[in-house]
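Inside the fold
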Amino acid sequence: MNAICVFGLGYVGLPSAVVFASRGFSVVGVDVDAGKVEAVNRGVSYLREPGLEGLLREAVAGGRLRATMDADEALKLCNTVLIDVPTPVRGGVADLSYVTNVLTRVSRRLRRGTLVVIESTIPPGTTSGLARRILEEGSGLRVEEDFYLAHVPERIAPGKAIEELLNAPRVVGGVGPRSTEVALAIYSRVNPNMIPTDSTTAEFVKLAENTYRDLNIAFANLLALMAESLGIDVYEAIRLASTHPRVRIHQPGPGVGGPCLTKDPYMLASLLQEFWGTELIRLSRRINEFMPHHMVKIIERVAGLEGFKLSGSRIAVLGSAYKGGVDDTRESPSKIVVSELMRRGAVVIVNDPYTSESFGAEYYGDVYKAVEGSDMVVIVTDHPEYRDLDLERVGRVVRRRVIVDGRRVVDPYKAMSLGFKYYGIGYGRAWRI
Ligand SMILES: NC(=O)c1ccc[n+]([C@@H]2O[C@H](COP(=O)([O-])OP(=O)(O)OC[C@H]3O[C@@H](n4cnc5c(N)ncnc54)[C@H](O)[C@@H]3O)[C@@H](O)[C@H]2O)c1
């Protein structure tokens, strides 16, 4: 009766469930995916997160964590419910059907004293509006009097989930002061850096954070396109601009992937549909969505400059994950780069040290095998392993010494000193978009 139920054992829900269990809570995970439920019960993690596997194994072995597909059975045991199900954006609008399905289920079993927390990313006003209505109507109980309701958005960066769940500052927004207090009391047992606010502010803050990052990356990408037309190095320019004490510009690259930045800005922009100012957000999305196509264009031009055609050539693409150090390939720019190169008739070989996803291309787990015989090495993801590439060894096995670097992983001067032709996004060539 005093367990925590976690609905949705994905990238957010599983680490969350494990962290609560590691702090002594009894946790029941609920998911509609039989494979995930079975894996959790065997103490096996399907996510590559430092520290997760060990904590998961311990929690399951210690009887503090188990998973089920039976939501009603789980709800009988819980006085705290965390909701971590997907909230995709379709046609610019948030699809809240996963969240409302869970809320409806929870409402039928809601008991006095229960705390319900939505951790999924949702449009501002959802917790105090739609969620409150579903729970009150389904249960006949009153929020703040009989039960508590809050939004506690996730901030975790893939690859640092456990560390950030335990330490990174995080906002807790109840629909009223009691809900905030009850949620704060539970989360503070896991993370000492919880910050109280109200639910609508918490929802807004989450979207503001991700939109800010997307805008900043779009600005860096815009600078990259300008630097290309000037024939200068954008990375050097950004480094120099960032020596200004009040300037912090993100890094450009071949696009923005992942489950958050690709959709959260649209949730924010939809709040003020009628105001032209939200174009700022949509335009940033457009720039970032354009970048993988720009990368393909650079690759195509480089092939021309180096005197070969993409069709029939062998291209090694390094990285299918959407960012360095993780295995997550959701919305990865690499997918566009790989499929566009294949559409142009290139033989594409993909390497990624974290995932075997290759978007239909051939996959090699060994990076030196992947680049063997290639006409061009294309770097899409800034995995730390690529920074330590033995370029001399690469140079010995490739057919042509040509690198197109989307993320400044390789030092251009080092590559050139070893006889490579080095090209990249934002780097001294008039690609003319
Ligand atoms: N991945 C991230 O880094 C991240 C970071 C911050 C916020 N978020 C937000 O967290 C939410 C979840 O994202 P995610 O990346 O963990 O998604 P995910 O797809 O990895 O996991 C969602 C899980 O929910 C399960 N599910 C779907 N319907 C269900 C139901 N009715 N009952 C129980 N389980 C159900 C799915 O099977 C899946 O395992 C989203 O709103 C996302 O925007 C994600």
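Keep in mind that what you see is a predicted model, and the values were worked out from it rather than measured.

Rules used in this analysis
- Residues numbered from 1 in each chain as written.
- Predicted model: local features only at pLDDT ≥ 70, side-chain atom pairs only at ≥ 80, totals over all residues.
- Helix = DSSP H or I, 4+ residues; strand = E, 2+ residues; numbered from the N terminus.
- Rg over C-alpha atoms; globule rule 2.2 N^0.38 Å.
- Contact = placed C-beta atoms within 7 Å.
- Core = buried A, V, L, I, M, F, W, Y, C linked by C-beta atoms within 7 Å.
- Buried ≥ 20, exposed ≤ 12 C-beta atoms within 10 Å, placed from the backbone.
- UniProt positions renumbered as here; feature names shortened; annotations may be inferred.
- Near = placed C-beta within 6 Å.
- Nonpolar A, V, L, I, M, F, W, Y, C, P; charged D, E, K, R; others polar.
- Axes fitted to C-alpha atoms, helices over the stretch in contact; angles between N-to-C directions.
- Parallel < 35°, antiparallel > 145°, perpendicular 65-115°, else oblique.
- Left-handed = near helix turned anticlockwise from the far one by under 90°.
- Pairing = 2+ DSSP bridges.
- Domains from an automatic or database assignment.

**Some thoughts on the overall build of the protein**
- Secondary structure summary: the protein contains 17 helices and 16 strands in total.
- Radius of gyration (C-alpha) of the protein: 24 Å, near the 22 Å computed for a compact globule of 433 residues.
- Viewed in the frame of its principal axes, the protein has a C-alpha envelope of about 75 × 50 × 40 Å.
- Within the protein, contacts between residues separated by at least 24 positions form 71% of all contacts whose residues are at least 6 apart in sequence.

**Description of the nonpolar core**
- Ranked by internal contacts, the top residues of the largest apolar core, which has 69 residues, are Cys 5, Val 117 and Ala 183.
- In terms of residue count, helix H1 (residues 13–22) provides more of this core than any other element does, six residues in total.
- Contact partners of Ala 183, with chain neighbours within four places excluded, come to Leu 115, Val 117, Tyr 148, Ala 150, Val 152, Val 172 and Gly 174.
- Ranked by size, the runner-up nonpolar core spans 57 residues in total, among them Ile 349, Met 376, Val 409 and Tyr 427.

**Some points on the UniProt feature "domain: UDP-glucose/GDP-mannose dehydrogenase C-terminal" (unreviewed entry) in the protein**
- In the numbering adopted here, UniProt assigns the feature "domain: UDP-glucose/GDP-mannose dehydrogenase C-terminal" (unreviewed entry) to residues 316–412.
- For the annotated span residues 316–412, helix accounts for 29% and strand for 19% of the residues, and the straight-line distance between the end C-alpha atoms is 18 Å.

**Overview of the site of the ligand**
- If you check the shell around the ligand, you find 26 residues, and the closest are Gly 8, Gly 10, Tyr 11, Val 12 and Ser 120.
- A total of three residues in the shell around the ligand trace back to one element, the largest contributor, which is helix H5 (residues 97–109).
- Its residues assigned to classes, the shell around the ligand comprises 14 nonpolar, seven polar and five charged.

**Comments concerning the environment of Arg 330**
- Locating Arg 330 in the fold gives a position in the loop between strand S11 (314–318) and helix H13 (333–343).
- When the 15 C-beta atoms within 10 Å are taken as the criterion, Arg 330 is described as partly exposed.
- When the C-alpha positions of Arg 330 and Ile 217 are compared, they lie 18 Å apart, and in sequence the two are 113 residues distant.
- Excluding anything up to four places from it in sequence, Arg 330 contacts Gly 257, Gly 258, Pro 259 and Tyr 322.

**What about the packing of helix H9 (residues 199–230) against helix H10 (residues 234–241)?**
- At a minimum axis separation of 9 Å, H9 and H10 run at an interaxial angle of 125°. With respect to H10, the element H9 is oriented oblique. Taken as a pair, H9 and H10 cross one another with a handedness that is right-handed. Packed against H9, whose contacting residues are Ala 220, Leu 223, Ala 224 and Ala 227, the element H10 presents Val 234, Ala 237 and Ile 238 at the interface.
- Classifying every residue of the contact of H9 with H10 by side-chain character gives seven nonpolar, no polar and no charged.

**Details of unusual backbone geometry**
- One non-glycine residue, Glu 331, lies in the positive phi region at around 55°.
- Residue position: Glu 331 is located in the loop between S11 and H13.
- The phi dihedral of Arg 408 is positive, around 50°, even though this residue is not glycine.
- Following the sequence through the fold, Arg 408 ends up in the loop between strand S15 (402–405) and helix H17 (412–417).

**Considering the sheet that holds strand S8 (residues 148–151)**
- Strand order in the open sheet formed by eight strands is S3-S2-S1-S4-S7-S8-S9-S10, with mixed pairing between adjacent strands. With one partner strand each, in any of the chains shown, strand S3 (65–68) and strand S10 (194–198) form the two edges of the open sheet. On average, adjacent strands in this sheet sit at an angle of 25° to one another, irrespective of strand direction.
- Looking at chain direction, strand S7 (residues 115–118) and S8 are connected through four bridges and run parallel.

**What about the domain arrangement of the protein?**
- Considered domain by domain, the protein is made up of domain 1 (3–192) and domain 2 (282–424).
- Every contact between the two is made by four residues of domain 1 and, on the other side, five residues of domain 2.
- Here the residues of the side of domain 1 that touches domain 2 are counted per class, giving two nonpolar, one polar and one charged.

**Focus: the environment of Pro 265**
- Secondary-structure assignment places Pro 265 in helix H11 (residues 264–269).
- The exposure class of Pro 265 is buried, given the 28 C-beta atoms found within 10 Å.
- Between the C-alpha atom of Pro 265 and that of Gly 92, which follows or precedes it by 173 residues, the distance is 9.4 Å.
- The contacts of Pro 265, once residues within four sequence positions are left out, are Asn 210, Thr 211, Asp 214, Ile 281, Ser 284 and Arg 285.

**Considerations on the sheet that holds S15**
- Taken in spatial order, the six strands make up an open sheet running S13-S12-S11-S14-S15-S16, and their pairing is parallel. Taken across any chain shown, the strands that pair with only one partner, and hence form the sheet edges, are strand S13 (362–363) and strand S16 (421–424).
- Examined bridge by bridge, S15 and S16 share four bridges and lie parallel to one another. Bridged to Ile 403 within S16 is Tyr 422.

**Some remarks on the pairing of strand S14 (residues 376–379)**
- Of the two faces of S14, the one holding Met 376 and Val 378 and the one holding Val 377 and Ile 379 are both buried throughout.
- Bridge count for S14 against S15 is three bridges, and the pairing is parallel. Bridge pairing in S15 places Val 378 opposite Val 404.

**Observations concerning the packing of helix H12 (residues 279–305) against H13**
- One can describe the packing of H12 onto H13 by two numbers: an axis separation of 9 Å at closest approach and a directional angle of 40°. Relative to H13, the element H12 is oriented oblique. Two packed elements cross with a definite hand, and for H12 against H13 that hand is right-handed. The residues of H13 that touch H12, namely those facing Met 291, Pro 292, His 293, Met 295, Val 296 and Ile 299, are Pro 333, Ile 336, Val 337, Glu 340 and Leu 341.
- Partitioning the contact of H12 with H13 into residue classes produces nine nonpolar, one polar and one charged.

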